[in-house]
Each structure stands twice: as C-alpha cells, then as structure tokens.
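# Structural features, examined
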Amino acid sequence: MTPSTGSGAGPAAGPAADAAGGALAPPVIEANALTKVYPGGVTALGGLTVNFAPGVTGLIGANGAGKSTLIKILLGLVEPTNGTARVLGHDSVTGGEQIRQVVGYMPEHDCLPPDVSATEFVTHMGRMSGLPATAARERAAEALRHVGLHEERYRQIGTYSTGMKQRVKLAQALAGDPRLLLLDEPTNGLDPAGRNAMLELIERIGVEFGISIVVASHLLGEIERICDRLVAIEGGRLLRADTIDSFTRSSQTLLIEVEEGLAALHDELVRRGLRPTTYQRSLLVPIGGVATYDTVRDTVADLGLPLSRMEQRRHQVEELFRDPGRTSPDAPGAGFGEQEAADVR
Amino acid sequence: MSASTSASAAAAGSVIHDLGYRRYDGPRLGRAQIIRALAWHSFRGAFGLGRGAKAKIVPLVALVALCLPAVVNAFAMSKGNPRLVDYDTYTPALRDLVMTVFVAVQAPELVSRDLRSRVLPLYFARPIKTIDYPLAKYLAFTGACLVMMEVPLLLLYAGSIANVHGGSAVWAQTRALIPGLLVGLMWAVVLAAISLFLASLTGRRAFATGAVAIVLLLTFTLAEILLQVEGQQNQGPQVAVVKGGPPGGPVHVQPILYVPSLADKVSGLFSPFTLFDGVRMWLGGTDPADGVSSPGGFGVVYALVLVAILALCLYGLAARYRKERLS
C-alpha cells in the first residue's frame, strides 16, 4: 500500500476560484495520503488526500467508508498506518493533546450517563476539556442555552428525548470553546422535525459562532443544505471534494410517478428535451432548473396522466457517485477525484 | 424546528436575551490538573457525593461500621479498660467483610458506569492521554479506600490518647498507630487495583459487583479452607508424632506445638486478605490467634505475590482502556 494513491494535486494546485472566500485562510484539516490498515488487513483508509477549509464541511460516505476512522485519526486517537494529518496546524500523531484542546467531538452513538443532569454532565466535560471549575459551570450553562436546553437542563439526562440527548452531546462538544467541531452523524435517530432543528443549530454554530464544523453523514440530501463544501469518501478513498454548489448542481433529480402511461410519459419527456430514466415504476429526470418542473407538469397535463407523486429526490451518496448518467459533458466536475477535487477550498 | 421555535419564544419572553457566542480566553488547565479534577470527581463519586441519596447508603454504612469498634474502644477506655483494638489488625473479620462490600459496590460506580453509558470516547477526545483516565480512577479509588481504612484508625487513636495520660503514653499510642496506617495504605493500594480492574471488565454494574465480591470472597474462603485443612493435619493425630526408634523401642512424643508447615504458608498466598496479614506479620506486626500464622522468612514471598498482583491488575487496567480507545 503506497501512500501515493491519494488523488491528485496538493493545496498549491487548488482552484484559484474559491466561491466560499476561504482562499486565504489555511485549511483546518489537511490529510495527506492518509492510510489506515487495521490488524487483520482491513483497509479503512487507502491514501486519502484532502483539505478541509474553514466553514461547514460535510463528510459524506456510506457506512464503512472510513468516516469514523478518519475522525479518530484527526483526534489523534488512532495512528495512521501511513501518511499524515494536520488539524489546525497540529500533527495528529505528535500533537494529539493540542488538537483535542481545540476540537470538540460529538460521537455517533449514545454517550450520555442517564443518572446525572445535563448541567452537571456538561460542566464535568468542560472541566475535562481543561476549564477551571467556575468557567466550566458558566460555559456549560451557555452551551446548553445555545443548543436550546433551558429549564430541562437540571433534569436527569435519562428522562430526555432523543433530540434533547443529541443537543446535550453537542453542548458537551461546545463547552470547551473549540475552534473545530467534529460531528459524527448528528441527526442519528431523530425524527424529521428533530433533524431540521439539529441541522439549523449546526448551521447557526458554523455561521454565527464562527466555529469550523465537519459533519459526517451518510445522508447527502440532509446535510447538503447546511454545508459550504462536501468531501465524499468511499472505501477509504476520496471520491470528490468540492463546494456544495458544484456538487449539487448536477445531482438533483425529480422523481415522477404516474398511475399509468409511464412509457408514454418517458417518450414525451425525451421529445421535450429532458433525459428521463426509468427507476422501478417511476421516472427520474435530472433537474436543469425551474423550467424542468414546468416541463414535467405540462407534459403530464398534456398527456392527461394520473400523476400520483412528483418530488425532488434526496440522494444517498452511493447513487450520486455511481450514477453513470452523471458523467455527461454538462457536469463539469464529473471527473471527480482526479484533479481539483483534492482541494475543497 | 419546533424545539428551536419554542426556544426562541422562551428567550423572547425572558429578560436575558441571547448574548451570542462568547469565546473563552481564560486559563486552560494542563493535563495534570485535568487528571486531578477527574480524580477528585471520582473520589467524591466513590462516596456517593454529588449523587443521589441512594448512592450514599453503602459507603456511609460501611464507614460507620468500620468506625464502630473505635467508638466502642474509646468508651471502654474511658471506663478504665486498656486499649481493646490493635492499630495494625483493627477488627480483622469486620474489616475483611466491610472492605469487600465497599470495593465491590463502589469500584463499579467509578468505572462500570462510564463503560455502560459509553461516555469514554468523550474522555478520550479530551486533551489528556488514554492512560490518564484509569490513572485518575485508580488515584481516586485508592484515596477512597484509604479513607475507609485510616479514618477508623485515626478515630481509634483519638479515642485512645484522650484516655491516656502523659506524653510517653501518647507517644506509645502514636508509635503503635503508624504501622497501622501503613497497613491501611497497603490494603488501599492493592484492593483499589484489584477491584477497579475487575470492575472495568464489564459495563454491567451488577456483574462487576459480583465479580469483585466473588473473587475476593472466593479466594479468601479458599485460603481459609486450606489453612484449616493444613492446621488439622498439623494438630490431627493427637497421639503425637512417633520419632525414630525401632519398633517396640521407646517412643518420643513431641509436644503439640503449632508450627506452620510450608503448605500452610502457601495457603495464605491465595487471598489478598491473607497476603495482607502475612506481609503485615512479616514486617513485625502482631500475630493474632486466628487466620494466617506468621510466615516468618516466607513473608518475602507474600510480599512478592502481593506486588505481582498489584502490577498485574494495574497493567490489566491500563490495557483495558487502551483497547477501549481503539475499538
């Protein structure tokens, strides 16, 4: 396993045009040919080279893509087999403690004791982050206020709903005043309303609090709303790293379901210049703009078909990157993972 | 959505409005200070402090039980009796039992809870090393066991010097106290290591308590049984030992004097409690009638076994958390 399998150019070769304005700021995370092979031969990361700019970055990958391993390496808890990672300027192997001083971490799984109050717990975790007792108490109260836990904070965590527990997990990561937050699947187990609330909260922390955030998720459709950039990994390798705009521009599709006349609709849509594909008992149409909706609506109306469903599809990352239709000429970033992809900035 | 709406509604209704995010630019504690904070937090936890009333029952009852002999002694001495309780043995049976209960119930409180609630990744993500977590827990629990061991002794001492007169008498009490305190230290250092290691093997509190209690009681019982078997064999044939002489010749009857055999001494190696006793006597402590008999020169083996147990448990504890971090 040579470390040079990383895709492409280093930071210097990154695109000059940086829409998000992070061009001058140094990256918060630099991974260089990062490789992790676990004992037993399982390759969790295979030469990952990618930079994370300040701001909110989505780390997208299916389960087992290497997200959690990457996070553990970034926290200095797991040593890479090969390659290096720098977080806020500290080397992950030699500067683990400095990294953990300035990085807040929210694990994917449940990690809260049920029999203490949120205030006590977050205060204690603040102390563990190196805050003196008084400061830890103050910051715990503030962090819990920021995540929207008010009077409930004196209740035992065991009595909380899943959404409230997720907020406590976020609050404990915030308590130590981090410069970077690593959030692993923060919307896990939440209902749609809870997901929205959590995403809004994360967006607010990123935008208003000025804390850089890496949100690991396997649901692209969910976090694309709040991210400036996306880094997609699969099988421990970089699939693509880009700003959110160039990511989603070519990725949105419309799902249309009609009770009957699917073939007729397909042909008519092709005739009107769209590129529908059949997907189970429905059609998928790449969205080129607002006009696409109109065209589909008009077509269905003109054919007089009973329309039962029409919705913008939420992509799971696998299909986004596997869909062969994406590598068409109108998708400029189609050769992902090759050239500028290595640099999210 | 709904949660944040209600949150902002609550904020609007109250006088204090959202102040926005404030950075922290005050001092940061170093690694040693974080360890100290965790150790203090855990030490308090070992006595149920900062927890509910239920968590305080066992440590409180245990401490009171251990202190009772000292109180009774003070009362007896005030009536003119000499000191009833030795500093180095204190009441052995009571101490074995109460300390077993204390470490079996409270060691899981320190380590199993965190395993159960899977909070460890949060500790590992703090600016400390992985080893620091078990280190802080060990320091805390050694301190807690030390309190359990030494507070009764100090009470005993206080009760004694209150009832003796003259500087030399006080000095005699003090000189007797010091070995007692050292014995307490030995107990605390070893018992904390054994119980924390065993408790750290499982997040299920009941199992952890069971494991600690069973290991301590089982080994103690085993050692006691072996001691009795050996003792009976020693005293067994009351007819005494026939020595030398041809059949029919004069028979020398040895007086039955209890001399511990090698097997007898080996029996004492099986339990921490008998090891404590053996080492204590090896170092010159009093030899009570029951329990382990003085190991004499064999005491060095007792000490080595005790140190080996301590080292193994501490290594096991450290390895346990290294594995936990990587999982």
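Only a predicted model underlies this, so the values are computations on that prediction, with no experimental measurement involved.

Quick look at the overall build of chain B now. Helix and strand counts for chain B stand at eleven helices and two strands. In chain B, the order of α-helices and β-strands from amino to carboxyl end is α-α-α-α-α-α-α-α-β-β-α-α-α. Residue burial in chain B is summarised as follows: out of 327 residues, 38% are buried. A separation of at least 24 residues holds for 76% of the contacts in chain B among residues at least 6 apart in sequence.

With that out of the way, let us pick up the overall build of chain A. If you tally the helices and strands in chain A, you get eleven helices and 14 strands. Taken across its 345 residues, chain A has 50% of its residues classed as buried. Relative to all contacts within chain A whose residues are 6 or more apart in sequence, the contacts with residues 24 or more apart total 74%.

Before going further, it helps to examine helix α1 (residues 67–74) of chain A. Residues three or four positions apart in an α-helix share a direction because the helix packs 3.6 residues into each turn. All names here are of chain A. Burial runs high along α1: seven of the eight residues are buried. Looking only at α1, the buried set comprises Lys 67, Thr 69, Leu 70, Ile 71, Lys 72, Ile 73 and Leu 74. Immediately downstream of α1, the backbone of Gly 76 shows phi near 75 degrees, a positive value.

Okay, the confidence of the model for chain B next. Residues and elements named next belong to chain B. Mean pLDDT for chain B: 86, with 84% of residues reaching 70 or above. Counted against residues more than four places away or in other chains, residues 1–17, with its pLDDT under 50, gives 15 contacts. Confidence drops under a pLDDT of 50 for residues 236–245, and excluding neighbours within four residues, the segment shows ten contacts in the predicted structure. We note a pTM of 0.80 for the whole complex and an ipTM of 0.83 for its interfaces.

This part takes up helix α9 (residues 262–271) of chain A. All names here are of chain A. Buried residues of α9: Leu 265, Glu 268 and Leu 269, and no others. Across the axial projection of α9, the buried residues extend over an arc of 100 degrees, all falling on one side. Among the exposed residues of α9, those oriented more than 90 degrees off its buried face are Ala 263, Val 270 and Arg 271. Buried-residue contacts for α9 involve β11 (253–258), β13 (282–286) and α10 (290–303). Positive phi shows up at Gly 273, right after α9, with a value of about 95 degrees.

Further remarks concern the environment of Phe43(B). All names here are of chain B. For Phe 43, the location among the structural elements is in helix α2 (residues 31–46). Between the alpha carbons of Phe 43 and Leu 110 there is a distance of 8.4 Å; along the sequence they are 67 residues apart. Each residue touching Phe 43, except ones within four places of it in the same chain, is listed here: Ala 140, Gly 143 and Ala 144.

Take the sheet that holds strand β3 (residues 56–60) of chain A next. In a beta sheet, neighbouring strands are held together by backbone hydrogen bonds and run either parallel or antiparallel to one another. Residue and element names in this part refer to chain A. As summarised here, the arrangement of the six strands in space is β6-β7-β8-β3-β9-β10, forming an open sheet in which the pairing is mixed. Here the strands that pair on one side only, and so sit at the sheet edges, are β6 (103–106) and β10 (237–243). Taking the axes of each pair of neighbouring strands and ignoring which way they run, one obtains an average angle of 15 degrees across the sheet. Here five bridges tie β3 to strand β8 (residues 212–217), and the two strands are oriented parallel to one another. Considered in β8, the bridge of Ile 60 is made with Ser 217.

Our next topic: the nonpolar core. Residues Val122(A), Val215(A), Phe141(B), Cys145(B) and Leu196(B) are the most contacted members of the largest nonpolar core, which totals 145 residues. A per-element tally of this core places helix α7 (residues 167–199) of chain B first, with twelve residues. The residues contacting Cys145(B), other than those within four sequence positions of it, are Val103(B), Trp187(B), Ala188(B), Leu191(B) and Ala192(B). In this structure, Ile256(A), Leu269(A), Leu283(A) and Val296(A) belong to the second largest nonpolar core, which totals nine residues.

All right, on to the confidence of the model for chain A then. A low pLDDT score tells you not to read the predicted coordinates there in detail. Residues and elements named next belong to chain A. With 82% of its residues at a pLDDT of 70 or more, chain A shows a mean pLDDT of 83. The low-confidence segment residues 1–22, where pLDDT is below 50, has 52 contacts with residues more than four positions distant or belonging to other chains. Between residues 323–345, whose pLDDT stays under 50, and residues either more than four places distant or in other chains, the model counts 58 contacts.

What follows covers the interface of chain B and chain A. With 33 residues of chain B in contact, the opposing surface of chain A contributes 38 residues. Every element with two or more residues in the side of chain B that touches chain A is listed here: α1 (2–13), α2, α5 (120–124) and α11 (299–326) of chain B. Grouping the constituent residues of the side of chain B that touches chain A by class yields 19 nonpolar, six polar and eight charged.

All names here are of chain A. Here we have four strands laid out as an open sheet, ordered β2-β1-β4-β5, and antiparallel in their pairing. Pairing within the sheet leaves two strands with one partner each, and these edge strands are β2 (42–52) and β5 (90–91). Bridge count for strand β1 (residues 29–38) against β2 is eight bridges, and the pairing is antiparallel. Across the sheet, the residue bridging to Lys 36 is Leu 45, located in β2.

Moving on, we come to the environment of Arg118(B). In this structure, Arg118(B) sits in the loop between α4 (92–116) and α5. Expressed as a C-alpha distance, the spacing of Arg118(B) and Gly203(B), which sit 85 residues apart in the sequence, is 8.7 Å. The contacts of Arg118(B), once residues within four sequence positions are left out, are His109(A), Asp110(A) and Cys111(A).

Once that is clear, we can look at the packing of helix α3 (residues 54–78) of chain B against helix α6 (residues 132–161) of chain B. All names here are of chain B. Contact geometry for α3 and α6: axes closest at 8 Å, N-to-C directions at 15 degrees. For the element pair α3 / α6, the angle class is roughly parallel. By crossing handedness, the relation of α3 to α6 is classed as right-handed. Taking contact as the criterion, the partners of Ala 62, Leu 63, Leu 66, Cys 67, Ala 70, Val 71, Asn 73, Ala 74 and Met 77 in α3 are, on α6, Met 148, Val 151, Pro 152, Leu 155, Leu 156, Gly 159 and Ser 160. Residue classes in the contact of α3 with α6 are distributed as 13 nonpolar, three polar and no charged.

Attention now moves to the packing of helix α10 (residues 272–282) of chain B against α11(B). All names here are of chain B. Two elements in contact, α10 and α11, have axes separated by 8 Å at closest approach and are oriented at 135 degrees. As far as their axial angle goes, α11 and α10 are oblique. The hand of the α10/α11 crossing is left-handed. Between α10 and α11, the residues in contact are Pro 272, Leu 275, Gly 278, Val 279, Met 281 and Trp 282 and Gly 299, Val 300, Tyr 302, Ala 303, Val 305, Leu 306 and Ile 309, respectively. Here the contact of α10 with α11 is composed, by residue class, of eleven nonpolar, two polar and no charged.

Here we take up the pairing of strand β9 (residues 229–234) of chain A. Residue and element names in this part refer to chain A. A large share of β9 lies buried, amounting to five of its six residues. In the sheet, β3 pairs with β9 via four bridges, with the strands oriented parallel. Looking at the pairing, Ile 60 lines up with Ala 232 of β9. Across six bridges, the pairing between β9 and β10 is antiparallel. For Val 231, the partnering residue across the bridge sits in β10 and is Ala 241. What sits between β9 and β10 in their antiparallel hairpin is a turn of two residues, with Gly 235 showing a positive phi close to 55 degrees.

Within the secondary structure, Gly236(A) sits in the loop between β9 and β10. Other than its neighbours up to four places away in sequence, Gly236(A) contacts Thr43(A), Ala44(A), Leu45(A), Gly46(A), Leu48(A) and Gly66(A).

Conventions used here
- Residues numbered from 1 in each chain as written.
- Chains lettered and ligands numbered in written order.
- Predicted model: local features only at pLDDT ≥ 70, side-chain atom pairs only at ≥ 80, totals over all residues.
- Helix = DSSP H or I, 4+ residues; strand = E, 2+ residues; numbered from the N terminus.
- Buried ≥ 20, exposed ≤ 12 C-beta atoms within 10 Å, placed from the backbone.
- Contact = placed C-beta atoms within 7 Å.
- pLDDT = per-residue confidence, 0-100.
- Arc of directions from axis to C-beta.
- Pairing = 2+ DSSP bridges.
- Axes fitted to C-alpha atoms, helices over the stretch in contact; angles between N-to-C directions.
- Core = buried A, V, L, I, M, F, W, Y, C linked by C-beta atoms within 7 Å.
- Nonpolar A, V, L, I, M, F, W, Y, C, P; charged D, E, K, R; others polar.
- Parallel < 35°, antiparallel > 145°, perpendicular 65-115°, else oblique.
- Left-handed = near helix turned anticlockwise from the far one by under 90°.

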